[in-house]
Amino acid sequence: MKLMTFNLWLGGDQVNFAKAVEAIRASGADIVCLQEPAGNTARIAAALGWPYALPSRHMIARMPLFAPPAARGPDGNELAIAYAETAPGKFVAVCCIHLPSEESGPRALREGRTIAEVLETERKVRLPFIAPYVATAAAMAKTGLPVIVAGDFNAPSPLDGDAVAWPAAQALLDAGFTDSYRAAHPDPKAEPGITWSYGYPYPHLDADGIASRIDFIMTLGAARTVKSEILGDPGMPGTDIPVSPWPSDHRAVVSTLEVAPGPAPAMVSIAERAVARGAAVTLRFHAATADGRIEGGSIVVRGGDAVLMRLSSNDGTDRKGSLAFGTWALAPGRYSAALLDRHGATLAAAPFWVVAQDRRPGIAAAKSRFATGEAIALSWDNAPGNRFDWIGLYRKGEPDAQNYLGFYYVNAEPSGTIGIEPGLAPGEYEARLGLDDSLVALAGAAFTVG
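A brief structural summary.

Reading across the sheet, the six strands line up as S5-S6-S7-S8-S10-S9 and stay open at both edges, with mixed pairing between neighbours. The open sheet terminates on both sides in strands that have one partner only, identified here as strand S5 (65-66) and strand S9 (178-179). Sheet topology note: the strand S6 (residues 81-87)/strand S7 (residues 90-98) ladder contains six bridges and is antiparallel. In the sheet register, tyrosine 83 faces S7, and the bridge partner there is alanine 93. Each of S6, S7, strand S8 (147-152) and strand S10 (215-220) is contacted by helix H5 (residues 127-142), which is oriented at about 170 degrees to S7, the strand it contacts most.

Below is the structure:
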């Protein structure tokens, strides 16, 4: 199988969106981990003609993808873990990573900071975000499930010859992961594999630009690297798969892997978390049996604790792995779909949200005025359900979307509530619901402190 990691650069539209699609097609990838898709995950899959997209995980694929609920990371979002079904009941686990970009280590070294100072920053800024994946991956690999961690680490690798034990990548190496690019290209001097950056866009490069390999595909368990290639503009050194003009500030990496797929836990997965009332919901389920199917089981749709709908997991001799149901009878709100065994025990469940067809994204403050030192209670609804949809706090009327006072991810949930810790000085503010780590505001709500 081929797996690609590709930072699209603010949605893929900075140069030419069609070229971003062309690059994925040229890679021959089966699965793509995207960074900075800015709400375009499903759009990219549709342009490729691929049937599987997970906006809540920033992944697309030619093969079925499962994204069951996962533990939350330090940013408040579920870990971006998905299971790719390579054959009925056989899986590869894929983790899509985009670590924080603050405090570039290579730039800090160039500006005179000591290695000790830079590593201390790396341990504070990036290591906490990779650590939960390391622990989870180790547990999955022990079951015989191959694990791939791919993405933009925003920091180099210890394998690239600069004598710096960069903590994020080092944590994976210490856990037994293999760096697929270095497995195929072991000499960092001969083949540095630079992914960021040869241009913003190419060939424009700022005078203080940094050239590093910060985009990785790492494997653990029954996965062997056959080949690893770099995609970029033909004018960039070391480009293996050329696309011109190259559409991003990052080059992409695609690795060909020989994998022995393994077992996965029981799970229910719903790709589109926000469904317009009256539309169909398609879910995939896996029962942790030999081929993933289950005899005599059922899928139930619940609103709270009430069972609103029940569907059989098999019809006669047909043993299903996916089901669809309608939402015309469901009022807007949060629901769950659960897989039950023949005795009625819940094996797995996943949430989804029904939204009114004419409703737009919204955000509201619990009240118009909060006392100084009081927590700020906010609610949002009809968000699109992308991995990095977020809420930003601004001074009222702030014209620059980058001048937020704080931001909070909403865990790809189309609706919910959040309590923001006290800390705002007296004044007028507004909360904005943002689209998928972009600066696009979908809705706003004003409030006063003091």
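The next subject is helix H6 (residues 167-174). In terms of residue burial, H6 counts as a mostly covered element, since six of its eight residues are buried. Along H6, the residues classified as buried are Pro167, Ala168, Ala169, Ala171, Leu172 and Leu173. In the core, the buried residues of H6 are packed alongside helix H4 (115-125), H5, S8, S9 and S10. Just past H6, the residue glycine 176 takes up positive phi, approximately 100 degrees.

What follows concerns the environment of alanine 280. Mapped onto the secondary structure, alanine 280 falls in strand S16 (residues 280-286). Take alanine 280: its relative accessible area is 54%, and that puts it in the exposed class. Taking C-alpha positions, alanine 280 is 6.4 Å from alanine 324, a pair spaced 44 residues apart along the chain. Setting aside its immediate chain neighbours within four residues, alanine 280 contacts Val275, Phe325 and Gly326.

Next up on the list: the packing of H5 against H6. Working note: a packed helix pair is described by the angle between its axes plus the distance between those axes. Contact geometry of H5 with H6 gives a least axis separation of 9 Å together with a crossing angle of 15 degrees. Judged by the inter-axis angle, H5 sits roughly parallel to H6. Handedness of the crossing formed by H5 with H6: right-handed. From H5, Leu127, Ile130 and Val134 reach across to H6, where they touch Pro167, Ala168, Ala171 and Leu172. Looking at side-chain class alone, the contact of H5 with H6 contains seven nonpolar, no polar and no charged residues.

Once that is clear, we can look at the packing of H4 against H5. Running from N to C, H4 and H5 cross one another at 55 degrees; their axes reach a closest spacing of 5 Å. In terms of axis orientation, H4 runs oblique to H5. Between H4 and H5, the residues in contact are Glu122, Arg123, Lys124 and Val125 and Leu127, Pro128 and Phe129, respectively. Taken together, the residues of the contact of H4 with H5 break down into four nonpolar, no polar and three charged.

The mixed open sheet is built from seven strands, whose spatial order is S3-S4-S2-S1-S13-S11-S12. A strand with exactly one partner marks an edge of an open sheet, and here the two such strands are strand S3 (52-54) and strand S12 (241-242). Across eight bridges, the pairing between strand S11 (residues 223-232) and strand S13 (residues 252-259) is antiparallel. When the sheet's bridge partners are listed, arginine 224 is paired in S13 with glutamate 258.

Cut-offs used in this document
- All residue numbers here refer to positions counted from 1 along the written sequence of the relevant chain.
- This being a predicted model, a pLDDT of at least 70 is required before a residue's local features are given, and a value of 80 or more before pairs of side-chain atoms are given or counted; all residues contribute to the totals for chains, interfaces and linings.
- By convention in this description, side-chain values take in all heavy atoms of the structure and omit both hydrogens and water.
- We call two strands paired when DSSP finds no fewer than two bridges between them.
- Strands are runs of DSSP state E lasting at least 2 residues, helices are runs of H or I lasting at least 4, and numbering of each runs from the N terminus.
- Any pair of residues with heavy atoms lying within 4.5 Å of one another is described as a contacting pair.
- Where helices are involved, their axes are fitted lines through C-alpha atoms of the stretch in contact, as for all axes, and angles between N-to-C directions lie from 0 to 180°.
- Burial status follows relative accessibility: with a 1.4 Å probe on protein chains alone, a residue under 20% of its type maximum counts as buried, one over 50% as exposed, and anything between as partly exposed.
- Any angle from 65 to 115 degrees is called roughly perpendicular, while one under 35 is roughly parallel, one over 145 is roughly antiparallel, and all others are oblique.
- Left-handed describes a crossing whose near helix is turned anticlockwise from the far helix by less than a right angle; the clockwise case is right-handed.
- Each residue is assigned to one of three groups, with Ala, Val, Leu, Ile, Met, Phe, Trp, Tyr, Cys and Pro labelled nonpolar, Asp, Glu, Lys and Arg labelled charged, and all others, Gly among them, labelled polar.

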